[in-house]
Amino acid sequence: MKQYINGFFSFSAGTLLWVIISFFSTPVISYLIVPEEFGRASMFTLVYNISLLFSLMGTIIKLKKRKNCSGVVCFCLLSLE
């Protein structure tokens, strides 16, 4: 039982650390960035993510059908699914 609890805490340590960093960095970022600039950055991120979605559409399926797909690019694209 102790092994499972240790495994759970070691698995969730990264998430817990990310939550703590986000909790303390959010007020600092809110103080430093003007709301208009934050809105522009959010819109840029939205447009970038949508364009990335459309540019990768079908790429993963094509790579799965290839028999000799090897290398870093194939590994990175296949890990997106």
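The shown structure was predicted, so the numbers you read here are calculated from the model rather than taken from an experiment.

Enquirer: Give a description of a nonpolar patch on the surface that names residues and reports values.
Expert: A surface patch of nonpolar side chains, amounting to about 660 Å² of accessible area, comprises Val28, Ile29, Tyr31, Leu32, Ile33 and Phe38. Looking at the nonpolar patch element by element, the count peaks at four residues for helix H1 (residues 2-32). Tracing the backbone shows Phe38 in helix H2 (residues 35-55).

Enquirer: Which residues make up H1, and what are the values?
Expert: If you check H1, its first and last C-alpha atoms are 44 Å apart, about what 31 residues at 1.5 Å a residue would give, namely 45 Å. For H1, the buried fraction is low: zero of the 31 residues fall into the buried class.

Enquirer: Account for the packing of aromatic side chains, with residues named and values stated.
Expert: Under the definition given, this model contains one aromatic pair. Where Phe23 meets Phe24, the ring centres are 5.3 Å apart and the plane angle is 80°; that geometry is what we call edge-to-face. Given the relative accessible area of 57%, Phe24 is considered exposed.

Criteria and cut-off values
Residues numbered from 1 in each chain as written. Predicted model: local features only at pLDDT ≥ 70, side-chain atom pairs only at ≥ 80, totals over all residues. Heavy atoms only, no water. Patch = residues over 30% accessible without salt bridge, like charges linked within 9 Å, V, L, I, M, F, W, Y side chains within 5 Å. Areas by Shrake-Rupley, 256 points an atom, 1.4 Å probe, with all protein chains shown as cover. Salt bridge = Lys/Arg side-chain N within 4 Å of Asp/Glu carboxyl O. Helix = DSSP H or I, 4+ residues; strand = E, 2+ residues; numbered from the N terminus. Expected span 1.5 Å × (residues − 1). Buried < 20%, exposed > 50% of the residue type's maximum accessible area, 1.4 Å probe, protein only. Phe/Tyr/Trp six-rings, centres within 6.5 Å; stacked < 30°, edge-to-face > 60°.

Worth remembering: the numbers are spatial, not functional.
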